[in-house]
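# Observations on the model geometry
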Amino acid sequence: MRPLYLALTFIIAALAILAAAYAAGLFGGSELRVRISTTTSLYATGLLDYLADKYEGEHPGVAIDFLPVGSGQALQLAADGEVCAVFVHAPQLEIRYIRDGVLEDHRIIAYNYFIIVGPPDDPAGVRDAANATEAFRRIYEAGEAGRAVFISRGDNSGTNVKELSIWKAAGLDPSGRPWYKEVGKGMADTLVMADEMRAYTLSDIGTYLKLKKDGVLKNIELLYASSTELINIYSAYLVTSCMGAERAQAQAFIEFVYSHQDLIGRYGVNKYGQPLFYPAEGREEELARIWESIAGAGG
Amino acid sequence: MLPEIAEVALRSVAISGAATLLALSWSLPLAYYVAERSSKTIATISEALVGVPTTLIGLLLYFILRNEGPLGFLQLLYTPYAIVVGEAILVTPLLVAVTYRVLANAIATYGELALSLGASRSQAMELAFTTSLPSLAAAAIMAFSRAVGEIGVALIVGGNIRGYTRTMTTAIALEVAKGEFWTALELGLILVSLTVVVSLAVRLVKGLWEL
């Protein structure tokens, strides 16, 4: 029994498997890999893969690699210099990284609205609210009275950051209240939980429409939408520390997305009967102003 | 071109299979060494570490492999090879803990018998090792099963990149995030079937060996 001989046999076997997997194309090819971090919720809509497929079709030899992670992590990866670009929707977080010089070349590529969903009988009266802040105030009062439950993502995601900013705008602090549940889950899980508990929550439009269409959500529906306070702005950035060919391709990809906003506006219409995103084109200045005010409020 | 799901399944098997073999390459000699000297410390530490959270290992490896980390120059982060290394580390305590017990038992039962019958020390050890092969294979299958079913390492150092580092578990998590619960469930069933098939295949090879 010779341990060294045994160890070598296993290492060779492991390398053989990896070589076979590489030869079979399971580990990609010799493309130039351009890493872009993004948030899971945006990636889960499929929009980014759709745009990357179009881009890669025109640029053979380039692979756009999306790392779908939380908003906080997506930006941290940029600060660590692990990615070349980021696609995110949390202006309050983005502004810090812009100030630190991590991100540059800000482009607003699309927007949509967060929505407030909850039980159809609407015990808090969210449907009659004049704006999102008032809607949250009503949920707070109903929660204190034991008539409503609110589920928070509690995960520092773009949606969570937006939710917290609305509580702040309403001058309320729900954390620790028995009717306010911080769950630390993704959007789909959170919506299913809200459905089970007949609770209120803030959601992005895409995930909600998807689950509603599939019949997963039976006890909650869309109660409030389309308020400027609930606008969700998607931005693309180049990472300052990224250099060379990777940087050039990341820049070209962002340019491609920016100049193909018609694709963004049409995306998902066939599937859901309404667009998931609105192109920023033609509303750039207005959106930039709104972005500034959101970022400033949080920073 | 394979359908994406077959590609992801094969990638998972290749990554976790390579990780298991790599882990065996150091775990078996280590377990053998520990069993031979009946040293309890390494065995006890291994047993305690069997349940270490996969996300923790993923995060530690991220700090080592990132650009500014000590091994950043290897450029391994967000490649399939990073997942292989991470999963190999992940299953090492399990492999050492189980194979140590198997070998220690075999040495106590057959090794000592062989020694008393006049075999040399290395012959006795050889016999103990050969008689343990079925249990060692079972340990390898357990390790593969843990590797292929983990998500923490694959997500953090793999990055769930389509066509490159997406594995069965990260694909399942993504489908859940998308709200595609049924697709996620189907992927889960495929993952479980894969583990069973690999386990049966190892048993088959072992059966042929023993003929």
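Small disclaimer: the values here were computed from a predicted structure and weren't measured.

When pLDDT is averaged across chain B, the result is 91; 98% of the residues are at 70 or more. Interface predicted TM-score (ipTM) for the complex: 0.87; the corresponding pTM is 0.88.

Residue and element names in this part refer to chain A. By the definition in use, this model includes 1 disulfide over all chains. One disulfide bridge connects Cys84 with Cys242, the sulfur atoms lying 1.7 Å from each other. Across the S-S bond of Cys84 and Cys242 the torsion is about -60°, and the bridge reads as left-handed. Taken together, the residues span a long stretch of sequence, with Cys84 in the loop between helix H4 (71-79) and strand E3 (85-88) and Cys242 in the loop between strand E9 (231-239) and helix H10 (244-259) at a distance of 158 residues. With a relative accessible area of 0%, Cys84 lands in the buried category.

Along an α-helix, a turn takes 3.6 residues, which lines up residues three or four apart on a common side. Taking 1.5 Å per residue, 29 residues should reach 42 Å; helix H5 (residues 121-149) of chain B reaches 40 Å between its end C-alpha atoms and fits that length. Taking the largest bend as the criterion, H5(B) deviates by roughly 55°, centred on Leu133(B), and proline Pro134(B) comes between one and four positions later.

Next up on the list: the layout of surface pockets. Each pocket or cavity is described by its volume, and for the second largest pocket that value is around 760 Å³. Residue lining of the second largest pocket: 35 residues in total, with Thr40(A), Pro68(A), Val69(A), Gly70(A) and Leu155(B) positioned closest to the centre. Mapped onto the lining of the second largest pocket, the elements with two or more residues apiece are helix H2 (40-44), strand E2 (62-69), H4 and helix H8 (187-197) of chain A together with helix H3 (54-65), helix H6 (152-158) and helix H7 (168-178) of chain B. No other element matches H7(B), which puts 5 residues into the lining of the second largest pocket. Considering only residue class, the lining of the second largest pocket consists of 15 nonpolar, 16 polar and 4 charged. The two domains that each donate at least three residues to the lining of the second largest pocket are domain 1 (10-112 + 232-298) and domain 2 (114-230) of chain A.

All names here are of chain A. One can read the domain layout of chain A as domain 1 (10-112 + 232-298) and domain 2 (114-230). Each of domain 1 and domain 2 has a C-alpha centre, and these two points are 27 Å apart. The partner domain 2 presents 16 residues to the 15 residues of domain 1 that form the contact. Taking both partners together, domain 1 and domain 2 bury about 1,300 Å²; carbon and sulfur atoms supply 62% of that area. Three residues stand out in domain 1 for area buried against domain 2, namely Gln92, Asn232 and Tyr272, and they jointly supply 31% of the buried area on that side. Put simply, domain 1 and domain 2 have 0 salt bridges between them.

Rules used throughout
Residues numbered from 1 in each chain as written. Chains lettered and ligands numbered in written order. Predicted model: local features only at pLDDT ≥ 70, side-chain atom pairs only at ≥ 80, totals over all residues. Heavy atoms only, no water. pLDDT = per-residue confidence, 0-100. Disulfide = S-S within 2.5 Å. Helix = DSSP H or I, 4+ residues; strand = E, 2+ residues; numbered from the N terminus. Buried < 20%, exposed > 50% of the residue type's maximum accessible area, 1.4 Å probe, protein only. Expected span 1.5 Å × (residues − 1). Bend = angle between axes of the 7 residues up to and from the residue. 1 Å grid on protein atoms, 1.4 Å probe; cavity = no way out; pocket = protein on both sides within 12 Å on 5 of 7 lines; lining within 4 Å. Points joined across faces, edges and corners; volume = space filled by probe spheres on them. Nonpolar A, V, L, I, M, F, W, Y, C, P; charged D, E, K, R; others polar. Domains from an automatic or database assignment. Contact = heavy atoms within 4.5 Å. Buried area = accessible area lost by both parts, 1.4 Å probe. Salt bridge = Lys/Arg side-chain N within 4 Å of Asp/Glu carboxyl O.

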